[in-house]
Amino acid sequence: MRAADADREVVADRLRVALGEGRLDLHEYDERVQRAYAARTYAELDALLTDLPPVAPPEHSALRPASAPAEPPVGRPTPVVHGHVGRWLAEVWLPYLKVVAIVVTIWGVTSLLSQELLYFWPGWVAGPWGAVLVLRTVGGLAGGEPRRQAIQRERRRERRRAKRERRRELHTNDPEDPKPET
């Protein structure tokens, strides 16, 4: 039978879970996800999951996650983070791009003013720093750094919001407050 887009999404989600559990490496995950979205039949989708164990809900699983996440505050849902990879990449690469643009501009202006093409010294700034950023990017994406930072950022935002609410509650319940309650 032919598979639907929703079926492909379910398989892609299962592959994402396997990547997070460490059952697949990044390269194999990428390859399988591409094959999942290109699959036309259920048989093609099933072949992508045959060597992976079925997903058990965490409360029924005998396995403990390698890094158990901190519990969210009671009564509040776990934060859902979207676009975290793009934001993380921007945080990593934008300072580099700004500095490289500045030094290349300085080199260009000095070359124009001297009326000759000067030695391209910005390569000494851009080259080593860029190589370090490539390694950091690959390592960070493989290690799930964007998601971790996004969750931490969301938790900090939630704590600040809760703190503001507590202050507001204390302020409205203060009997010595000269302002009448509305």
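As the structure is a prediction and not an experimental result, all values here were calculated from the model. (Residues numbered from 1 in each chain as written. Predicted model: local features only at pLDDT ≥ 70, side-chain atom pairs only at ≥ 80, totals over all residues. Heavy atoms only, no water.)

Undergrad: Looking at this structure, how should I read the confidence of the model for the protein?
TA: Interpretation of this model should avoid reading the predicted coordinates in detail wherever pLDDT is low. Mean pLDDT over the protein works out to 82, with 80% of the residues at or above the 70 mark. Low pLDDT (under 50) marks residues 66–81, which in the prediction has 11 contacts with non-local residues, meaning those over four places away or in another chain. (pLDDT = per-residue confidence, 0-100. Contact = heavy atoms within 4.5 Å.)

Undergrad: Could you clarify how one ought to interpret the side chain of Arg32 in this entry?
TA: Mapped onto the fold, Arg32 is located in helix α2 (residues 26–38). Among the polar contacts listed, one links the side chain of Arg32 to the backbone oxygen of Leu48, at a separation of 2.7 Å. Ignoring anything within four residues of it in the chain, the contact list for Arg32 reads Leu15, Leu24, Leu48, Asp51 and Leu52. (Helix = DSSP H or I, 4+ residues; strand = E, 2+ residues; numbered from the N terminus. Polar contact = N/O pair within 3.5 Å; in protein donor to acceptor, adjacent residues only side chain to side chain.)

Undergrad: Honestly, the packing of aromatic side chains in this entry has me stumped. Any pointers?
TA: By convention here, two paired aromatic rings are described through the distance between centres and the angle between planes. Following the criterion strictly, the structure yields 3 aromatic pairs and no others. Both rings, one in Trp93 and one in Tyr96, keep their centres 5.4 Å apart while their planes meet at 85°; by these two values the pair is edge-to-face. Highlighted residues: Trp93 and Tyr96, both in helix α4 (residues 84–114), separated by 3 residues, approximately one helical turn. A relative accessible area of 22% places Trp93 in the partly exposed class. Here Tyr96 and Trp129 contribute two aromatic rings whose centre-to-centre distance is 5.3 Å and whose plane-to-plane angle is 90°, an arrangement assigned as edge-to-face. Residue Tyr96 is found in helix α4, and its partner Trp129 is found in helix α5 (residues 122–143); the two are separated by 33 residues along the sequence. (Phe/Tyr/Trp six-rings, centres within 6.5 Å; stacked < 30°, edge-to-face > 60°. Buried < 20%, exposed > 50% of the residue type's maximum accessible area, 1.4 Å probe, protein only.)

Undergrad: What am I meant to see in the packing of α4 against α5 here?
TA: Helix packing for two helices is described by the angle between their axes and how far apart those axes are. Interhelical geometry of α4 versus α5 gives an angle of 175° and a closest axis separation of 10 Å. The angle between the axes of α4 and α5 places the two elements in the roughly antiparallel class. Contact with α4, carried on its side by Val85, Trp88, Leu89, Val92, Trp93, Pro95, Tyr96, Val99, Val100, Val103, Val104 and Trp107, involves Pro122, Val125, Ala126, Trp129, Gly130, Leu133, Val134, Arg136, Thr137, Gly140 and Leu141 of α5 and no other residues of that element. Here the residues of the contact of α4 with α5 are counted per class, giving 19 nonpolar, 3 polar and 1 charged. (Axes fitted to C-alpha atoms, helices over the stretch in contact; angles between N-to-C directions. Parallel < 35°, antiparallel > 145°, perpendicular 65-115°, else oblique. Nonpolar A, V, L, I, M, F, W, Y, C, P; charged D, E, K, R; others polar.)

Undergrad: Before we go on, may I ask you to explain α5 in this structure?
TA: In an α-helix, one turn spans 3.6 residues, which is why side chains three or four residues apart end up on the same side. Its 22 residues give α5 an end-to-end C-alpha distance of 31 Å, which sits within 8% of 32 Å, the value for a rise of 1.5 Å per residue. Within α5, burial applies to Pro122, Ala126, Gly130, Leu133, Thr137 and Gly140. Packed against the buried residues of α5 are α4 and α6 (145–172). The positive-phi residue at the C-terminal boundary of α5 is Gly144, with phi of around 80°. (Expected span 1.5 Å × (residues − 1).)

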